[in-house]
Amino acid sequence: MKQPKRNGMGSRGVTRREVLRLGATVAAGAAVGPFIATPGHGQTFNWKQFRGKELYCIFYKHPWIDEMVKFFPEFEDLTGMKVKHEVLPEVQGRQKLTVEMTAGSGGVDVWHASMHVEKRRFWKSGWFQPLNAFLENKSLTAPDYDWADMTGGAIAAVTQPDKTISALPTFVDPFVLFYRKDLFEQRGWKAPKTMAELEDQAQKLHNPPSMYGFVARGLKNANATPWAYVIYAMGADYLTPDRKSAINTPAWVKSMEWYSGMLRRFAPPGVVNFNWYECSSAFMQGQVGIYYDGVNFANQFEDKEKSKIAGKVGYAALPAGPAAHFAPTFTNAMAVSAQSRNKEAAYLLIQWATTKQMCARELLAGVGVGRVSPWSNAEVKAKPKMPADWYNAYLESLKIGRAGLPEIVDVTQYRDIIGVAIQKAIEGAKPVDVIAQAHKEFQEMLDKTEK
Amino acid sequence: MPNQSDLVQRSVSGGEVLPMERFMRFAHRNARFIFPAPAVIAVALIIVYPVIYTGWMSLQEWFASSLTLPKFIAFANYKQILTGDPRFRDAFFRTLYFTLIAVSAETALGVAMALLFNREFWGRGLVRTLSILPMMATPTAISLVFVMMYHPTLGVMNYLVSLTGLSPFKWTYSSKTALYAIALVDVWEWTPLIMLIALAGLAALPKEPYESALIDGASNLQCFWYITLPLLRPTLIVAILFRSIDALKTFDIIFVMTQGGPSNSSETINILLFNQAFSYFNMGYASSMAVALFAIVMGACLILMKVRRVG
Amino acid sequence: MSHKAFRQLVKTVGFYGLVIIFMLPTVFVFYWMITLSLKPQVEAAGYPPSFFRFSVTFKGYVDVFAKNPFLLYTWNSLVVATGCTVLGLIVGLPCAYSIAHWRQQKLALTILAARIIPGISYLIPWYILFRNLKMVDTYQALILTHLVVGLPIIIWVMIGFFEDIPVELREAALIDGCTDYGAFWRVAVPLVKPGVVATGILSFIFSWNNFLFSVILAGRNTRTLPIAVFNMIGYEEINWGPLAAAATLITLPVIILTLIIQRHIVAGLTFGAVKG
């Protein structure tokens, strides 16, 4: 079995280390560079040290944010600061953030970054405030913050090539498999363990027009995230060791054949333009047997007011591919703006938002976190909001987690390039051709933006 | 009743010229400048900075970075657009095509509806108000509603199609039909604009030509063709002008429904522009595209204005 | 029934039939949107779609008001839209008259340019400008920027109406002792009432629906209505009920406005005066 190559530090989540951590052993985290977590000596840390300051945040709509802002009054009491925030859908929110940061106005102190989109780009633009110094500063970081409690994957996702930590991780989103437990049980099936099994099950379930075997995103740009699963499973990678396009390989062609083939054969008509809402609607209306997407969709699936299949959904980690077994993960994190006029005060906010207590609260609300300890929190275990196999699927996936998107400056353009290629293949173009075209465009883009 | 010219007369023949009268004389003589002045000043003030900024930025290479400054590259961006970017070229033709089909349909339907509603009938107020509704709804909300209506297996549009016995369409869910499906939404939403302007235009038409024509024995159709249409033409051209400007710049509905896909089949210049600026952060290149779009739309306007002037 | 009466009946039926055909697409989509606002989420995407028999829930409307300071947004939208329309008419009508009468084509083109410039080009420069003037999150900034969209259409449409006024009328007014200003206000404007009403409606609507500028320039105090719709688009789900409810509610004020003033778009205000 081919072992996946490592692409330098911080480019994918760690696996074995992850397992050790989950055993509640504190690992020294060599992957995070010079920073070491040590408990503070003496109480030089004070939550109220920036009393009276006012912070302004831009957040994209996200389940993490929904839960967090409920506790802002608690933060304001704790620190004596005032927090003003604005929540917008992701596209508009990022647009506004871009305008503000480009104008250099210093009006934004904190935002909730999507690392899988913004990591390199914003770092190259100098918009992230590096947090290493703050984390090491005992007067700024609470003694019980415990940086080492963050999962390896989460830490890797927020650490740049030069070892600067750009943000504090909040939400790690692995892709998991959703399937119709009831239909599977009828046939005596278990969740698929391999891609071949998945394909077989989809085919057997496929019975249009009442039931379609499989669905996944087809809309360009949106499809790049489920796509990551397929290429990792086929043993492919985005970049060669010298950071050139690695797309022109047989593994990529095989991936394209598999993904576009599955969608063409087993998905509802029109899947080429399906974003998550068409996919999840079709699944929730009972039209599709198997689906895979971000782990948090489960919240809707189990809601009787939204889903016809509440209680009938099974969750599992994505099946193994011929070459490897990974679950793509995408990380969000709280960041401080380098243009902020209240950097340290803003740091207190993002620190508070990612403490063990806040993460436990998020987990109670059914939102996955990037810390280890909340998962074994007694209260979380006592009243789980989600079915047991969802938690298992989540943890399993974190174990085999790997950053889903390439760590390059122009991730969005990559997503457009591969996105269009996938759409063409779904509509009938030859995988070999579209891969060749994508490779050409990808390399051109790298040449222009990676210097 | 004394009026302004009286006052002017008196002061000239009388003694000194008071400041008030001086001002009045100035105002009268320069009416042609004072009338438009507030509007022009307001517009100029608001757009002067963006125009300069965009023009300047189009000559730079910059990726919205706080760390590196814009780099002057003269007309390299423009060269790239005109010769080296097939995606831009495709978007260009697609934009023109989309505008053509959408605006033609809207004009035909809009004029027809205006003619229909330009008379006294029971329920006129309600019908006229309802027919303007599509314009009023938030474009994004309507686009989202249409997205679900267009869903191939869950959507109501295909349900209606199945009732007529035809096989389901793919609407926005196929690269072959996406542009047309979007044009349909545009026609639904903006026909009222043409209708409203045409209605106002019809209401302002003089009665005499019709009276003379009827006395001469002209039919309804002849009245329409030889009297209504020519008289309505200038107003109609303005309506078409504005609709074309907006259609060339269509963004909201395309962005929400397909983001320019599938496979870029519904990507217009404005979508591409947005991508370059806010997804790829290629500010300089995006600015040059904005300038190009401006030139294209301005070109279309000049052509339409020539048409208006004729006859 | 007599032959003539029969023909009259056919004409009437034909007429209303045509009206219904033309109105069907509009009415259908809005009906669909309203039913979406009343259905529970699971039925919103249900197939086959339910037109008349579905469980009615007002949760959508409740959510809209719960999740948004809806009245504040409505007030803001009203202030901005009314402000920019009134200002646009005050400033635009004289301008249109002037361009029509004195044939100032270049001026007309300059104003048109404001509308042609892609909206995106305005974002960053305006943000820099207004932030430096400390005008972010103010009504003035929004009104001024919405003017850029409304003024061109007011002016251009009104040019056509002013051009339609026979020159003799204006000359008669001047002979009677009016100044240019008097001729404008007392003779020209009353004659173009349909146009004023139509452009007023259009300018109001464009401002009402404008989202792009509001996202960037408005803050928490001046945020306008369209954002209420966007707030229903979540990270991993679209709340159809509240979204359709918000979209429906947003159209209400405009409907009321139009119902009231559209009756001014009538014939009969014209040119009997010439023959005199």
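Once a new chain begins, its residue numbering starts again from 1 and follows that chain's sequence as written. Chain letters and ligand numbers both follow the written order, the letters beginning at A and the numbers at 1. This being a predicted model, a pLDDT of at least 70 is required before a residue's local features are given, and a value of 80 or more before pairs of side-chain atoms are given or counted; all residues contribute to the totals for chains, interfaces and linings.

A. Structural detail: the overall build of chain C. From N to C terminus, chain C includes 14 helices and 0 strands. Taking 2.2 N^0.38 as the reference for a compact globule, 276 residues should give roughly 19 Å; the C-alpha atoms of chain C span a radius of gyration of 24 Å, well beyond that estimate. Dimensions along the principal axes, computed over C-alpha positions, put chain C at roughly 75 × 70 × 30 Å. Out of the 276 residues in chain C, the part that is buried amounts to 51%. Any residue pair is listed as a contact if its two C-beta atoms, each placed from the backbone, are within 7 Å. Considering only residue pairs separated by 6 or more positions, chain C has 80% of its internal contacts joining residues 24 or more positions apart. Counting from the N terminus, the helices are the DSSP runs of H or I reaching at least four residues and the strands are the DSSP runs of E reaching at least two. The size measure is the radius of gyration over C-alpha atoms, and the globule rule it meets is 2.2 Å times the number of residues to the 0.38 power. With C-beta atoms placed from the backbone, the exposure class of a residue follows from how many other C-beta atoms lie within 10 Å of its own: 20 or more, buried; 12 or fewer, exposed; in between, partly exposed.

B. Just the overall build of chain B, in detail. Within chain B, the regular secondary structure consists of 15 helices and 2 strands. Here the C-alpha atoms of chain B give a radius of gyration of 26 Å, more than 25% beyond the 19 Å that 2.2 N^0.38 yields for 311 residues. If one aligns the C-alpha atoms of chain B with their principal axes, the spans along those axes are about 85 × 65 × 35 Å. With 311 residues in all, chain B has 49% of them scored as buried. Sequence separation of 24 or more characterises 66% of the internal contacts of chain B that already satisfy a separation of 6 or more.

C. Layout of the nonpolar core. Any set of buried Ala, Val, Leu, Ile, Met, Phe, Trp, Tyr and Cys residues joined through C-beta atoms within 7 Å is what this text calls a nonpolar core. Ranked by internal contacts, the top residues of the largest apolar core, which has 326 residues, are Val176(A), Val215(A) and Ala198(B). Take this core: its biggest share by element is 20 residues, from helix α10 (residues 178-203) of chain B. With sequence-adjacent residues up to four places away left out, Val176(A) is seen in contact with Tyr292(A), Val295(A), Tyr315(A), Ala316(A), Ala317(A), Leu318(A), Ala393(A), Tyr394(A) and Ser397(A).

D. Examining unusual backbone geometry more closely. Cis rather than trans, the peptide bond between Pro208(A) and Pro209(A) has omega equal to -5°. The backbone of Phe281(B) sits at a positive phi, close to 60°, despite the residue not being glycine. Here Phe281(B) shows up in the loop between α14 (269-279) and α15 (283-309). C-beta crowding within 10 Å serves as the criterion here: with 24 such atoms nearby, Phe281(B) is assigned to the buried category. In this structure, Asp137(C) takes a positive phi of about 65° despite not being glycine. Here Asp137(C) is to be found in the loop between α6 (119-132) and α7 (139-164). Judged by the 15 C-beta atoms lying within 10 Å of it, Asp137(C) falls in the partly exposed class.

E. Just helix α18 (residues 411-426) of chain A, in detail. All names here are of chain A. Here a helix's expected span is defined as the number of its residues, less one, multiplied by 1.5 Å. Look at α18: 22 Å from first C-alpha to last across 16 residues, which is about the 22 Å you get at 1.5 Å a residue. Counting buried residues in α18 gives 16 out of 16 residues, a clear majority hidden from the surface. Gly428 sits one or two positions beyond α18 and adopts a positive phi of about 120°.

F. Up close: the interface of chain C and chain A. Taken together, the contact pairs 21 residues of chain C with 25 residues of chain A. Every element with two or more residues in the side of chain C that touches chain A is listed here: α2 (41-44), α6 and α11 (212-217) of chain C. In terms of residue count, the dominant contributor to the side of chain C that touches chain A is α6(C) (5 residues). For the side of chain C that touches chain A, the residue count by class is 14 nonpolar, 3 polar and 4 charged. When residues are grouped by polarity, Ala, Val, Leu, Ile, Met, Phe, Trp, Tyr, Cys and Pro land in nonpolar, Asp, Glu, Lys and Arg in charged, and all others, Gly among them, in polar.

G. The environment of Ile215(B), seen in detail. Among the secondary structure elements, Ile215(B) is positioned in helix α11 (residues 208-215). For the pair Ile215(B) and Leu193(B), spaced 22 residues apart in sequence, the C-alpha to C-alpha distance is 34 Å.

H. Just the domain arrangement of chain B, in detail. Domains assigned within chain B are domain 1 (18-57) and domain 2 (86-309). Segmentation into domains, and thus their bounds, comes from an automatic or database assignment. One C-alpha centre belongs to domain 1 of chain B, the other to domain 2 of chain B; they are set 34 Å apart.

I. Structural view of the environment of Leu259(C). Relative to the assigned elements, Leu259(C) resides in helix α13 (residues 240-261). Excluding its chain neighbours within four sequence positions, the residues that come into contact with Leu259(C) are Gly125(B) and Thr129(B).

J. Spotlight on the domain arrangement of chain C. All names here are of chain C. Split by domain assignment, chain C resolves into domain 1 (3-57) and domain 2 (60-275). Using C-alpha coordinates to define each centre, domain 1 is positioned 30 Å away from domain 2. In this assembly, 9 residues from domain 1 lie in contact with 9 residues from domain 2. Every element with two or more residues in the side of domain 1 that touches domain 2 is listed here: α1 (3-38) and α2. It is α1 that contributes the most residues to the side of domain 1 that touches domain 2, 5 residues altogether. Taken together, the residues of the side of domain 1 that touches domain 2 sort by class into 6 nonpolar, 2 polar and 1 charged.

K. A look at the confidence of the model for chain C. Residue and element names in this part refer to chain C. pLDDT is a residue-level measure of predictor confidence that goes from 0 to 100. When pLDDT is averaged along chain C, the result is 83, and 95% of the positions lie at 70 or above. Ranking the helices and strands of chain C by mean pLDDT puts helix α4 (residues 70-102) first, with 91, and helix α14 (residues 272-275) last, with 34. Note on residues 268-276: pLDDT is under 50 here. Beyond four places in sequence and across chains, it has 11 contacts. Scored as a whole, the predicted complex attains pTM 0.84, and scored at its interfaces, ipTM 0.83.

L. Region of interest: helix α15 (residues 356-364) of chain A. All names here are of chain A. Residues of α15 that are buried include every one of Met358, Cys359, Arg361, Glu362 and Leu363, and no others. Buried residues along α15 sit in contact with α2 (63-68), α14 (343-353) and α16 (378-382). Just beyond α15, the residue with positive phi is Gly366, at close to 90°.

M. Looking closely at the pairing of strand β6 (residues 288-294) of chain A. All names here are of chain A. In terms of residue burial, β6 counts as a mostly covered element, since 7 of its 7 residues are buried. The sheet contact formed by strand β4 (residues 167-180) and β6 spans 5 bridges and is antiparallel. The residue of β6 that forms the bridge with Val176 is Asp293. Paired strands are those between which DSSP finds at least two bridges. Of the pairings in the sheet, the one linking strand β5 (residues 212-215) to β6 comprises 3 bridges and is parallel in character. Within β6, the position partnered with Val215 by the bridge is Tyr291.

N. Focus on the confidence of the model for chain B. In the predicted model, chain B carries a mean pLDDT of 85, and the fraction of residues at 70 or more is 94%. The least confident element of chain B, judged by mean pLDDT, is helix α1 (residues 4-13) of chain B at 50; the most confident is helix α6 (residues 86-117) of chain B at 93.

O. Representation of the packing of α10(B) against helix α10 (residues 193-209) of chain C within the structure. For the pair α10(B) and α10(C), interaxial distance at closest approach is 8 Å and the crossing angle is 170°. When the axes of α10(B) and α10(C) are compared, the pair comes out roughly antiparallel. Here Leu196(B), Ile197(B), Ala200(B) and Ala203(B) of α10(B) lie close against α10(C), whose contacting residues are Pro194(C), Gly195(C), Ala198(C), Ile201(C) and Leu202(C). Its residues assigned to classes, the contact of α10(B) with α10(C) comprises 8 nonpolar, 1 polar and no charged. Comment: axis = line fitted to C-alpha atoms, over the contacting stretch for helices; angle = value between 0 and 180 degrees taken between N-to-C directions. Here the word oblique covers every angle except those under 35 degrees (roughly parallel), over 145 (roughly antiparallel) and from 65 to 115 (roughly perpendicular).

P. A look at the packing of helix α4 (residues 90-103) of chain A against α6(C). Axis separation between α4(A) and α6(C) bottoms out at 9 Å; the angle between their running directions is 60°. In this view, α4(A) runs oblique relative to α6(C), as classed from their interaxial angle. Crossing handedness for the pair α4(A) and α6(C): right-handed. Taking contact as the criterion, the partners of Val99(A), Thr102(A) and Ala103(A) in α4(A) are, on α6(C), Leu123(C), Ile124(C), Tyr127(C), Ile128(C) and Arg131(C). A per-class count over the contact of α4(A) with α6(C) returns 6 nonpolar, 1 polar and 1 charged. Two helices cross in a left-handed way if the nearer one is turned anticlockwise from the farther one by less than a right angle. They cross in a right-handed way if the turn is clockwise.

Q. Inspection of the pairing of strand β8 (residues 327-336) of chain A at higher detail. Residues and elements named next belong to chain A. With 10 of its 10 residues buried, β8 lies for the most part within the structure. Here β8 shows two buried faces, one formed by Ala327, Thr329, Thr331, Ala333 and Ala335 and the other by Pro328, Phe330, Asn332, Met334 and Val336. Where β4 lies against β8, 7 bridges are found, and the strand directions are antiparallel. Looking at β8, one finds that Asp173 is bridged to Phe330. As paired elements, β8 and strand β9 (residues 401-403) share 3 bridges and run parallel to each other. Counterpart to Pro328 in the pairing with β9 is Arg402.

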